[in-house]
Amino acid sequence: MSAEDLEKYETEMELTLYREYRDVVGIFKYVVETDRRFYLCNQVDVKARTEAGEVFFEVTISDAWVWDMYRPARFAKNVKVLTFKDVNVEELSPADIDLPKS
């Protein structure tokens, strides 16, 4: 496979992922962004934890869709993330999720 073929494949995968995102975003309440992943979900809980003087975040997500073009199944019933980096949680409002249909 040439570099050009690989780039074309990845571009097609990203477009497919965006289209799927556009189709499902309306059924979720929250956007959760971690250092490794982007999630849509209907329930999220973030807890700051301390262990051995280190602070980390425990993020529990239910009813989720994961932005990851390499996952064969992007829907997950439950997700638990442990991270030392920032976690961003935003509640979606109906106006936030109107995407162009084309």
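Everything quoted here is computed from the prediction, not taken from an experiment.

Asker: Before we go on, may I ask you to explain a nonpolar patch on the surface in this structure?
Answerer: Taken together, the side chains of Met-1, Leu-6 and Tyr-9 make up a nonpolar region of the molecular surface, amounting to roughly 360 Å² of accessible area. Counting through the fold element by element, Leu-6 comes out in helix α1 (residues 3–24).

Asker: What is the right way to read the sheet that holds strand β3 (residues 54–67) from this model?
Answerer: In sheet architecture, strand pairing relies on hydrogen bonds along the backbone and comes in two forms, parallel and antiparallel. Strand order in the open sheet formed by 5 strands is β4-β3-β2-β1-β5, with antiparallel pairing between adjacent strands. Sheet topology places β4 (75–83) and β5 (88–91) at the edges, where each strand pairs with a single neighbour. Between one strand axis and the next, the sheet turns through 20 degrees on average, direction left out of account. Bridging between strand β1 (residues 30–33) and strand β2 (residues 38–51) involves 4 bridges; their strand directions are antiparallel. Within β2, the position partnered with Tyr-30 by the bridge is Cys-41. Sitting on the sheet, α1 touches β2, β3 and β4, and the angle it makes with β3 is about 85 degrees.

What counts, and where the lines are drawn
Residues numbered from 1 in each chain as written. Predicted model: local features only at pLDDT ≥ 70, side-chain atom pairs only at ≥ 80, totals over all residues. Heavy atoms only, no water. Patch = residues over 30% accessible without salt bridge, like charges linked within 9 Å, V, L, I, M, F, W, Y side chains within 5 Å. Areas by Shrake-Rupley, 256 points an atom, 1.4 Å probe, with all protein chains shown as cover. Salt bridge = Lys/Arg side-chain N within 4 Å of Asp/Glu carboxyl O. Helix = DSSP H or I, 4+ residues; strand = E, 2+ residues; numbered from the N terminus. Pairing = 2+ DSSP bridges. Axes fitted to C-alpha atoms, helices over the stretch in contact; angles between N-to-C directions. Contact = heavy atoms within 4.5 Å.

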